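# Per-entry structural report
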There are 2 protein chains.
Amino acid sequence: MQTKFLLDEDQMPKAWYNIQADFPRPMPPVLHPQTHQPVGPADLEPLFPMALIEQEVSTEREVEIPEPVRDVYRQWRPAPLYRAHRLEKALGTPAKIFYKYEGVSPAGSHKPNTAIAQAFYNQQAGTKRLTTETGAGQWGTSLSYAGALFGLDINVFQVRVSYDQKPYRRAVMETYGAHCLPSPSDQTEFGRKVLAENPEHTGSLGIAISEAVELAVQDPDTKYALGSVLNHVLLHQSIIGLEAMQQMEMADSWPDVIVGCTGGGSNFAGIAFPFMGHALRGGERSRIVAVEPSACPTLTRGKYAYDYGDTAQMTPLTKMHTLGSGFTPPGFHAGGLRYHGMAPLVSHARELDLFDAVSYTQRQCFEAGVFFARHEGIVPAPEANHAVKGAIDEALRCKEEGKSETILFNLCGHGHFDMAAYTAYFSGELSDHEYSEEEMAMALSGLPSV
Amino acid sequence: MQTKFLLDEDQMPKAWYNIQADFPRPMPPVLHPQTHQPVGPADLEPLFPMALIEQEVSTEREVEIPEPVRDVYRQWRPAPLYRAHRLEKALGTPAKIFYKYEGVSPAGSHKPNTAIAQAFYNQQAGTKRLTTETGAGQWGTSLSYAGALFGLDINVFQVRVSYDQKPYRRAVMETYGAHCLPSPSDQTEFGRKVLAENPEHTGSLGIAISEAVELAVQDPDTKYALGSVLNHVLLHQSIIGLEAMQQMEMADSWPDVIVGCTGGGSNFAGIAFPFMGHALRGGERSRIVAVEPSACPTLTRGKYAYDYGDTAQMTPLTKMHTLGSGFTPPGFHAGGLRYHGMAPLVSHARELDLFDAVSYTQRQCFEAGVFFARHEGIVPAPEANHAVKGAIDEALRCKEEGKSETILFNLCGHGHFDMAAYTAYFSGELSDHEYSEEEMAMALSGLPSV
């Protein structure tokens, strides 16, 4: 009984897939934060090397993966696809469940798929230093790893509450040679402003982004790197779905349903966009389901509107599903899913009705993750538990309906760095939060008028 | 430039390799703890299922790997072999460095190679519950994982100092459904005796083994599982070296030097014994180097003598390199290398002069591990850092001597669960310990007279 589907190295995709080539309507323009006029490449140059800016706006279907990037990818790619025989049996479902496993990377998640690419293009452009932000630490870890391999200094602004609560993540970044600072910090004007108002501020992703961007724009040798949301990030993650398409064919199967979890949108897009594009070009259509935490319900309860990516409103305005750039979700452990906005490409696909979105509470997701671990043997990251929960619910629906559908989900990372969250779950310390209509309206009232 | 050598699933070994078939002298007998007479299978029956007892005493060269074990192995095996091109370049060495990477298992180390096999044979024999001990937690994690897959209750006695300091490891075991108790505990007669003498006792592996063994002998449905030291454990780990031999051939290369770290001896034997046997049968001989911590210098400073495996002296007596079953190494973080004894098979091979042994301090090893992480991208477990240090020193010797030897080492696990140790290293909190002659003589004075 085959459970693992592994591609040969020479089957690893040679190009990333860009869904902008297949969208029936083009993306809304990105606007300048002050003028509200469409931005051009020059506006983005202080932040990114030109190769990434070109990818950001490209509508070419295929973008070649440079050989030095493929060379590093081969450390863990092609990543395995598994058939979850034991999980199916435990659920008593007639459904076939497959999962793509991205936890095999040295950083333990899908994030290196773009970290490596961004580090490479920056090295090529002569960048000496990259600044970035991180919440739980998956992205900071991945960029630190990439920086070590491509000889770049990495400065990570870690949200202070995570910096204090998760010293082990910081230790990983430092092992890779990166510099990790708690945000808000006294290293930036914006950080100092926030601290002046509240010296005990625990930070947020939006603030950390503002700090990282501020440092980057001041120094021509320094650029900025973002781990999700942007078009080029989602482009790099398409390798997940491109591999999965080949692996589903190896398994003589094709997904009726595809499930991914969404924070900024990159792992979801990674697994879903290649299949979505396949359908847009006339191929078989899979039903696609995005799963988000009910404590940060961007897709299910947010507004599709122009908004800033950061708290200081320094980033360009993008049209996306957002809860408002001032939104701070309550404390919950899927740190990678706490962003106030959704990737513009994912938001656009949502507006085109190309996928469904559901939300679950964190306790529902941990329950699913523990069940998965006991049957499949892999402890998922708290973020990935959302996808696990979504896939299990689809499998139970199939059981109820007596349908043997094929379900594919993205297990975007392992939970080895996140066991404190499991400890909190087991000890009953986790609580769930559902927003009232009033709270949502309040959060959305601060959106910029564009 | 190929860096990863990956076997197809159908190249995964179908049998484990038993070095007892090739030793020029047979192993000394195992003795009964009270009578000091050679033990028979019946003496071991309260502890292990007969299939494992047969493997313990077998001198057959090949032992077939049952298909249900192979089926689980395929979740992560065959494990990759890497050529460390970036590390070589950073060291400026003409040596070629290869490493076998066992951190790809769901538990993050080589331990599941035997945990899965032990769980399978116990399930077949009708065992309902397994007891075991764990220090740092790698073994407890692996047996918990195996227990989940084969439907066995797992009771883990975790050394209290680790239980208190490493709650995340416990969380992994509990996620897999295992029960984890701090040792000394009030669940066993021996534990209660230790606690009566010292209620604040922080525990030791020897005490935890005594507790696990005591519970197992009391209940016919309960057996005991050990994660290293025993012959059948080392047998199961031979899959590491068997795969590596094929992979070295894929790389058109063969190791002049093989390096592994030693605690109980299982990962070292796993990589080394298949090559050692190859040489004993007349094949090319590789120089083999065991690396141990200078704070627990079993091979380099211990005595080859009959000793107990546990503190309560309940286990049979085996002839091995030992520091005395009462030995407690000072606090250092390579928890998997803290055992007072060495696997009898490894000890026997040492007496036959089949390999060299060296020791390093923990700070030397962390320095090497950080260097490795920054160039190869993988953060090693503190135990594995000893092998990394040994391999780097061999590569630097090659540089000095102008020799382009081929070095193979076993990277037996990743350090994701052990980042607290890296934090301690970076903050300068780690200290090194070298024993005086007097301290060593004192430790060895308590050996049983057999």
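What you are looking at is a predicted structure, and each value in this text was computed from that prediction instead of being measured. (Residues numbered from 1 in each chain as written. Chains lettered and ligands numbered in written order. Predicted model: local features only at pLDDT ≥ 70, side-chain atom pairs only at ≥ 80, totals over all residues. Heavy atoms only, no water.)

Take the overall build of chain A next. Within chain A one finds 18 helices and 15 strands. In terms of overall dimensions, chain A is globule-like: its C-alpha atoms have a radius of gyration of 20 Å, near the 22 Å expected for 450 residues. Overall size of chain A, expressed as C-alpha extent along the three principal axes, is 60 × 50 × 45 Å. Sequence separation of at least 24 residues holds for 77% of the intrachain contacts in chain A that already meet a minimum separation of 6. For chain A, the exposed area adds up to about 15,200 Å²; of that, 48% sits on carbon and sulfur atoms. Charge-centre separation for chain A: the mean point of 36 positive side chains lies 4 Å from the mean point of 53 negative side chains. (Helix = DSSP H or I, 4+ residues; strand = E, 2+ residues; numbered from the N terminus. Rg over C-alpha atoms; globule rule 2.2 N^0.38 Å. Contact = heavy atoms within 4.5 Å. Areas by Shrake-Rupley, 256 points an atom, 1.4 Å probe, with all protein chains shown as cover. Lys, Arg positive; Asp, Glu negative; His and termini not counted. Charge placed at Lys NZ, Arg CZ, Asp CG, Glu CD.)

All names here are of chain A. Evaluation of the coordinates by the stated rule reveals 39 salt bridges over all chains. Between Asp 71 and Arg 74 there is a salt bridge, with the nearest N and O atoms lying 3.6 Å from each other. Overall, Asp 71 belongs to the partly exposed group, its relative accessible area being 24%. Glu 405 serves as the salt-bridge partner of Arg 397, at 2.8 Å between the closest nitrogen and oxygen. By relative accessible area, Glu 405 is classed as buried at 15%. Overlapping salt bridges bring together Arg 287, Asp 356, Glu 394, Arg 397, Glu 401, Lys 403 and Glu 405 as one network. (Salt bridge = Lys/Arg side-chain N within 4 Å of Asp/Glu carboxyl O. Buried < 20%, exposed > 50% of the residue type's maximum accessible area, 1.4 Å probe, protein only.)

Another point: the relation of the copies chain B and chain A. Aligned on chain A, chain B shows an RMSD of 0.0 Å; the corresponding rotation is 180° and the shift along the axis is 0.0 Å. The symmetry that links the two subunits is that of a two-fold axis. The fraction of interface residues of chain B whose copies in chain A are also interface residues reaches 100%, indicating that both copies meet through the same surface. (Least-squares fit on C-alpha atoms with pLDDT ≥ 70 in both.)

Glancing now at the confidence of the model for chain A. In this model, chain A carries a mean pLDDT of 94, and residues with pLDDT of at least 70 account for 99%. Scored as a complex, the prediction yields pTM 0.96 and ipTM 0.94. (pLDDT = per-residue confidence, 0-100.)

Looking now at the packing of helix α5 (residues 112-124) of chain A against helix α6 (residues 138-150) of chain A. Residue and element names in this part refer to chain A. Relative orientation of the contacting elements α5 and α6 amounts to 40°, with a least axis distance of 8 Å. As summarised for this structure, α5 and α6 are arranged oblique, according to the angle between their axes. Seen along the crossing, α5 lies across α6 with a hand that is right-handed. Of the residues in α6, those in contact with Pro 112, Thr 114, Ala 115, Ile 116, Gln 118, Ala 119, Phe 120 and Gln 123 of α5 are Trp 139, Ser 142, Leu 143, Tyr 145, Ala 146, Leu 149 and Phe 150. Grouping the constituent residues of the contact of α5 with α6 by class yields 11 nonpolar, 4 polar and no charged. (Axes fitted to C-alpha atoms, helices over the stretch in contact; angles between N-to-C directions. Parallel < 35°, antiparallel > 145°, perpendicular 65-115°, else oblique. Left-handed = near helix turned anticlockwise from the far one by under 90°. Nonpolar A, V, L, I, M, F, W, Y, C, P; charged D, E, K, R; others polar.)

It is worth spelling out the interface of chain B and chain A at this point. At the interface, 42 residues of chain B touch 42 residues of chain A. Across the chain B/chain A interface, buried area totals approximately 3,600 Å², and carbon plus sulfur atoms make up 55% of it. Where chain B meets chain A, there are 2 salt bridges. Close ionic contact of A:Lys4 with B:Glu9 constitutes a salt bridge, the shortest N to O distance being 3.8 Å. The interface formed by chain B and chain A contains 18 residue pairs in polar contact (both at pLDDT 80 or more). Taken together, the elements giving at least two residues each to the side of chain B that touches chain A come down to α3 (67-73), α6 (138-150), α8 (167-175), α15 (362-376) and α17 (419-426) of chain B. When residues of the side of chain B that touches chain A are assigned to their parent elements, the largest contribution, 6 residues, is made by α8(B). (Buried area = accessible area lost by both parts, 1.4 Å probe. Polar contact = N/O pair within 3.5 Å; in protein donor to acceptor, adjacent residues only side chain to side chain.)

Turning our eyes to something else, we now look at the pairing of strand β6 (residues 129-134) of chain A. Residues and elements named next belong to chain A. Across the 6 residues that make up β6, a large majority, 5, are buried. Judged from the 6 bridges that link them, β6 and strand β7 (residues 153-159) form a sheet pairing that is parallel. Within β7, the residue paired with Thr 131 across the bridge is Asn 155. In this fold, the crossover linking β6 to β7 by way of α6 has right-handed handedness. Pairing analysis gives 3 bridges linking β6 to strand β9 (residues 222-224), with the strands arranged parallel. Across the sheet, residue Arg 129 finds its bridge partner in β9, namely Thr 222. (Pairing = 2+ DSSP bridges. Right-handed = clockwise from strand over helix to strand, strands pointing away.)

This part is about the packing of aromatic side chains. Applying the stated criterion to the full structure yields 35 aromatic pairs over all chains. Of the aromatic side chains, those joined through ring pairs into one cluster are A:Tyr73, A:Trp76, A:Tyr145 and A:Tyr176. Between the NZ or CZ atom of A:Arg170 and the centre of the ring of A:Tyr163, over which it lies, the distance is 4.1 Å. Over the ring of B:Phe355 we find B:Arg350; its NZ or CZ atom is 5.6 Å from the centre of that ring. (Phe/Tyr/Trp six-rings, centres within 6.5 Å; stacked < 30°, edge-to-face > 60°. Lys NZ or Arg CZ within 6 Å of the ring centre and 35° of its normal.)

For the rest of this paragraph, the subject is the sheet that holds strand β5 (residues 96-101) of chain A. All names here are of chain A. With mixed pairing, 7 strands are arranged side by side in an open sheet as β1-β4-β5-β15-β10-β11-β14. Strands with a single pairing partner mark the edges of an open sheet, and in this sheet they are β1 (4-5) and β14 (356-360). By the bridge criterion, 5 bridges tie strand β11 (residues 287-293) to β14 in an arrangement that is parallel. Residue Glu 292 lies in a different strand from β14, and its bridge partner there is Ser 359. Helix α11 (residues 231-250) rests against β1, β4 (81-83), β5 and β15 (406-411) of the sheet, and its axis sits at about 140° to β5.

Another point: the pairing of β5(A). Residue and element names in this part refer to chain A. Buried residues dominate β5, accounting for 5 of its 6 residues. As judged from the 6 bridges shared by β5 and β15, these two strands associate in the parallel manner. Looking at the pairing, Tyr 99 lines up with Phe 409 of β15.

Let us look at the sheet that holds strand β8 (residues 179-183) of chain A. All names here are of chain A. Pairing is parallel across the open sheet formed by 4 strands, whose spatial order is β8-β7-β6-β9. Two strands lie at the open edges of the sheet, namely β8 and β9, each paired on one side alone. On average, adjacent strands in this sheet sit at an angle of 25° to one another, irrespective of strand direction. The pairing of β7 with β8 spans 5 bridges and is classified as parallel. Paired with Val 159 across the bridge in β8 is Ser 183.

A word on the domain arrangement of chain A. All names here are of chain A. Along its sequence, chain A is carved into domain 1 (3-8 + 66-108 + 232-444) and domain 2 (33-65 + 110-229). Distance from the C-alpha centre of domain 1 to the C-alpha centre of domain 2: 22 Å. Opposite the 48 residues of domain 1 that make contact, domain 2 presents 46 residues. Between the two partners, domain 1 and domain 2, sit 19 residue pairs in polar contact (both at pLDDT 80 or more). Those elements giving two or more residues to the side of domain 1 that touches domain 2 turn out to be α3 (67-73), α11 and α12 (266-280). (Domains from an automatic or database assignment.)

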